[in-house]
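# Structural characterization, general
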Amino acid sequence: QKEVEQNSGPLSVPEGAIASLNCTYSDRVSQSFFWYRQYSGKSPELIMSIYSNGDKEDGRFTAQLNKASQYVSLLIRDSQPSDSATYLCAVIMGSASKIIFGSGTRLSIRP
Amino acid sequence: DGGITQSPKYLFRKEGQNVTLSCEQNLNHDAMYWYRQDPGQGLRLIYYSQIVNDFQKGDIAEGYSVSREKKESFPLTVTSAQKNPTAFYLCASSISAHSYEQYFGPGTRLTVT
């Protein structure tokens, strides 16, 4: 089992709809979780961090964390073509105190 | 402008040559990291440094070397011992080793033929 798993996609969502991206992790004691956006050929950009169970909202983005089920998700409301990118989930593995990145989900917003 | 710079953006080398990738930050961050990204894959940690004059191996350090003589600089050397050096190399930094919000430079795309 991979330490951080994401569906590679592509996930195709119509413009204006909600895009839902999911990530599961293996280490039950993990405490810190991040979402990065990476446009093709560019470097990752941090868009959300979440540390507690529940939802965290920032503009059109909402991160959701469920430690009991070991998953973290990212919702993008009112999806725009500019949201088309690969989204990387990153988790601090509590037992090793190191950050592990998932392989990313490619999101495509269709007009 | 505060940020992380990497140079060059594209680098081409012949097999058997060592090559050094530059990474500079003016964010006053203590910790710096080097990652490698291959097509369709996530980021893999090569080396990291929590403080000046100290660095540790990541998951795929074989064939690479680093130095951290100055807080703002963390160059990576890809040696001829690295079997598959062609990749996208990313440098990142964070305020401290305990602050895991990492910020990335623009990357260097290395092609070795």
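Residues numbered from 1 in each chain as written. Chains lettered and ligands numbered in written order. Predicted model: local features only at pLDDT ≥ 70, side-chain atom pairs only at ≥ 80, totals over all residues. Heavy atoms only, no water.

Following the criterion strictly, the structure yields two disulfides over all chains and no others. Disulfide pairing is shown between C23(A) and C89(A); the S-S distance is 2.1 Å. Here the S-S torsion is close to -70°, and the disulfide linking C23(A) with C89(A) is therefore left-handed. With C23(A) in strand β3 (residues 19–25) and C89(A) in strand β9 (residues 85–93), this residue pair connects regions lying 66 residues apart in the sequence. Summarising the burial analysis for this pair, C23(A) and C89(A) share the class buried. The partner cysteine of C23(B) in its disulfide is C91(B), sulfur to sulfur 1.9 Å. What sets the handedness of the C23(B) and C91(B) disulfide is the S-S torsion sign, and at about -70° it is left-handed. Here C23(B), found in strand β3 (residues 19–25), pairs with C91(B), found in strand β9 (residues 87–94); they are 68 residues apart in sequence, far enough to count as distant. For C23(B), a relative accessible area of 1% translates into the label buried. In this structure C91(B) comes out as buried when scored by relative accessible area, which is 0%. (Disulfide = S-S within 2.5 Å. Helix = DSSP H or I, 4+ residues; strand = E, 2+ residues; numbered from the N terminus. Buried < 20%, exposed > 50% of the residue type's maximum accessible area, 1.4 Å probe, protein only.)

Turning our eyes to something else, we now look at the interface of chain B and chain A. Tallying the contact residues gives 18 residues for chain B and 18 residues for chain A. Roughly 1,400 Å² of surface becomes buried between chain B and chain A when both sides are summed, with 56% attributable to carbon and sulfur atoms. Where chain B touches chain A, the interface holds zero salt bridges. Counting the contacts that link chain B with chain A gives five residue pairs in polar contact (both at pLDDT 80 or more). (Contact = heavy atoms within 4.5 Å. Buried area = accessible area lost by both parts, 1.4 Å probe. Salt bridge = Lys/Arg side-chain N within 4 Å of Asp/Glu carboxyl O. Polar contact = N/O pair within 3.5 Å; in protein donor to acceptor, adjacent residues only side chain to side chain.)

The next thing to look at is the environment of I109(A). Residue and element names in this part refer to chain A. Here I109 shows up in strand β11 (residues 105–110). C-alpha separation for the pair I109 and E45, spaced 64 residues apart in sequence, amounts to 19 Å. Leaving out residues up to four positions away in the same chain, I109 has contacts with V13, P14, E15, S79, Q80, P81, D83 and S84.

Before going further, it helps to examine the nonpolar core. A general feature of soluble globular proteins is that nonpolar side chains tend to end up buried together. All names here are of chain A. By size, the foremost hydrophobic cluster in this structure holds 25 residues, and its most contacted members are W35, V72, L74, I76 and Y87. The set of elements that each furnish at least two residues to this core consists of β3, β4 (32–38), β5 (45–50), β7 (61–66), β8 (71–76), β9 and β11. Ranked by the residues each element gives to this core, the list is headed by β9, at five residues. Setting aside residues up to four positions removed in sequence, I76 forms contacts with A17, I18, A19, L21, R60, F61, D83, Y87 and L107. (Core = buried A, V, L, I, M, F, W, Y, C linked by side-chain atoms within 4.5 Å.)

It is worth spelling out the sheet that holds β7(A) at this point. Residues and elements named next belong to chain A. Strand order across the open sheet formed by five strands is β1-β3-β8-β7-β6, with antiparallel pairing between neighbours. Both edges of this open sheet fall to β1 (4–5) and β6 (54–58), since each of them pairs with a single strand only. Pairing of β3 with β8, which is carried by six bridges, proceeds in the antiparallel orientation. Bridge pairing in β8 places S20 opposite L75. (Pairing = 2+ DSSP bridges.)

Interpretation in functional terms is not warranted from these geometric data alone.
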